[in-house]
Amino acid sequence: MFTPRRLIIAATAFALLSGCASQNPYENQGQAPSQDGMSKTAKYGALGALAGAVAGAAINHDDRGKGALIGAAVAGAASAGYGYYVDKQEAELRRSMEGTGVQVQRQGDNINLIMPGNITFATNSADIASNFYTPLNNLATSFKQYDQNNIEIVGHTDSTGSHQYNMNLSQLRAQSVANYLMAQGVNGARVTSRGMGPDQPIATNANEAGRSQNRRVEIKLTPIPGAQAPQQY
């Protein structure tokens, strides 16, 4: 007979095996593999299962082993489901941003889009450049399809000029992107914007190559608290 401890271990092991056996075609597409070779979806499912097993055992005092199995199954499925949702969203963004110059980065459940200054705005301007409309249109389409994220738009500049000028310019640029996305039908309740000026450089400001990298707009996608990933994608 299984003891409660053995049932918890079995539940977690089952989630790990289920995650590794996932048929998700997007698991490793465009992603750096994890050090242990496990997909993101598998990790989310396993961690969720472990937490669910502990919670289930604590709640079901009469039969902790049964509670652990139920908690692992429910929490593991939910966690893996959201991981799969973000996997698909990331794959779609990589496909639609290919060749545009926009970088797509992933960290856990968060996705970061980095748009370099050479495709976004002219020097000292907050007017969207003509060649930036196509990437923004593609982003708007994706954001409407995948609507379980908050969308934070952050403007960045190099350090040339006064700090206050750069803060104002970066805010105006972020707001221009936000306004355009909302005009294309993206829900404004999900969208925020802010300007960071030169305060978060990703390269040196000592030469033009570095300053060019620092002039950018980033869009940060984070899960809406309490939101549930759709069951059908």
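See the structure printed just above.
Here the structure is a predicted model, which means the values were calculated and not measured. (Residues numbered from 1 in each chain as written. Predicted model: local features only at pLDDT ≥ 70, side-chain atom pairs only at ≥ 80, totals over all residues. Heavy atoms only, no water.)

Visitor: How do you make sense of the overall build of the chain when you look at a structure like this?
Guide: On a plain count of helices and strands, the chain comes out with seven helices and five strands. Buried positions account for 43% of the 233 residues belonging to the chain. In the chain, the share of contacts with a sequence separation of at least 24, taken over all contacts with a separation of at least 6, comes to 69%. (Helix = DSSP H or I, 4+ residues; strand = E, 2+ residues; numbered from the N terminus. Buried < 20%, exposed > 50% of the residue type's maximum accessible area, 1.4 Å probe, protein only. Contact = heavy atoms within 4.5 Å.)

Visitor: What is the right way to look at the sheet that holds strand E3 (residues 149–156) in this model?
Guide: Sheet strands pair by backbone hydrogen bonding; their relative direction is either parallel or antiparallel. Across the sheet, five strands lie side by side as E1-E2-E5-E3-E4; this open sheet has mixed pairing. What marks the edges here is a single partner per strand, and that holds for strand E1 (103–107) and strand E4 (191–195). Taking the axes of each pair of neighbouring strands and ignoring which way they run, one obtains an average angle of 20° across the sheet. Two elements, E3 and strand E5 (residues 216–223), share eight bridges in a ladder whose sense is antiparallel. The residue bridging glycine 155 from the neighbouring strand is valine 217, located in E5. (Pairing = 2+ DSSP bridges. Axes fitted to C-alpha atoms, helices over the stretch in contact; angles between N-to-C directions.)

Visitor: Whenever I open this one, the packing of aromatic side chains confuses me. Can you help?
Guide: The relative placement of two aromatic rings is captured by the distance of their centres and the angle of their planes. Scanning the model with the defined rule gives three aromatic pairs in all. Geometrically, the ring pair formed by tyrosine 85 and tyrosine 146 is edge-to-face, given 5.5 Å between the ring centres and 65° between the ring planes. Linking tyrosine 85 in helix H3 (residues 64–97) with tyrosine 146 in the loop between helix H5 (133–145) and E3, this pair joins segments that are 61 residues apart in sequence. For the pair formed by tyrosine 85 and tyrosine 146, the shared burial category is buried. Ring geometry for tyrosine 133 against tyrosine 180: centres 5.2 Å apart, planes inclined by 50°, an arrangement best described as tilted. You can see tyrosine 133 sitting in helix H5 and its partner tyrosine 180 sitting in helix H6 (residues 163–183), a full 47 residues away along the chain. Among the residues examined, tyrosine 133 registers a relative accessible area of 33% and is labelled partly exposed. Look at tyrosine 180 and you get buried, because its relative accessible area is 17%. (Phe/Tyr/Trp six-rings, centres within 6.5 Å; stacked < 30°, edge-to-face > 60°.)

Visitor: Help me out: how do you make sense of the nonpolar core in this one?
Guide: Most often, soluble globular proteins keep nonpolar side chains buried together rather than apart. Core analysis: the biggest nonpolar cluster contains 31 residues, and Leu113, Leu139, Phe143, Ile153, Val177, Leu181 and Ile219 have the highest contact counts within it. At the level of elements, H3, strand E2 (110–116), H5, E3, H6 and E5 are the ones that each hand at least two residues to this core. In terms of residue count, the dominant contributor to this core is H6 (five residues). Those residues in contact with leucine 181, other than ones at most four positions away along the chain, are Leu136, Leu139, Ala140, Phe143, Ile153, Val186 and Ile219. (Core = buried A, V, L, I, M, F, W, Y, C linked by side-chain atoms within 4.5 Å.)

The values reported here are purely geometric and, on their own, carry no functional implication.
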